[in-house]
Amino acid sequence: MADWNPIQAAVEGPTGTWRMIDPMGHEYGRIELRRVRNGAEVRYKALCGDELLGWSTTLRHACYRVHMAFLSAHGPSGGPLASWGEE
C-alpha cells in the first residue's frame, strides 16, 4: 500500500494527544501537542512509554519518528524497546 503513512496508526484522544496503535490494537507510542516559546509555536512530542524520542514541527513527522522506533525495536539489534531512542 504505497499511500499508507504512520499517521494512519494515530488515534486522537484525549485532545492534543495521539496514541499510535498497532494492528493488534496495542499502543506502541504516543504524540503530545505542546505550545512552546510562550505559546507562540507548537511542537509535537514523540514518546515511547516515558522515553522521549524527540520533538517535531508536524504531526506527520512525529508519527513517522514513533513508527520508525517501533520498527527498529523489532530488528536484529534486539527485542522490544532495544532501540526506541535511536534515529
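Residues numbered from 1 in each chain as written. Predicted model: local features only at pLDDT ≥ 70, side-chain atom pairs only at ≥ 80, totals over all residues. Heavy atoms only, no water.

Student: What's the story with the overall build of the protein chain in this structure? I'm lost.
Tutor: Secondary structure summary: the protein chain contains one helix and five strands in total. Put simply, 23% of the contacts in the protein chain that link residues at least 6 apart link residues at least 24 apart. When the accessible surface of the protein chain is totalled, it reaches about 5600 Å², and 53% of it is carbon and sulfur. (Helix = DSSP H or I, 4+ residues; strand = E, 2+ residues; numbered from the N terminus. Contact = heavy atoms within 4.5 Å. Areas by Shrake-Rupley, 256 points an atom, 1.4 Å probe, with all protein chains shown as cover.)

Student: How should the nonpolar core be read in this particular structure?
Tutor: The tendency in soluble globular proteins is for nonpolar side chains to be buried as a group. Counting residues in hydrophobic clusters, the biggest one holds 16 residues, and the most contacted among them are Met20, Ile31 and Val66. Elements represented by at least two residues in this core include exactly β2 (17–21), β3 (27–36), β4 (41–48) and α1 (59–72). Ignoring any residue separated from it by four or fewer positions in sequence, one finds methionine 20 in contact with Pro6, Ala9, Ala10, His26, Glu27, Tyr28, Gly29, Ile31, Cys63 and Val66. (Core = buried A, V, L, I, M, F, W, Y, C linked by side-chain atoms within 4.5 Å. Buried < 20%, exposed > 50% of the residue type's maximum accessible area, 1.4 Å probe, protein only.)

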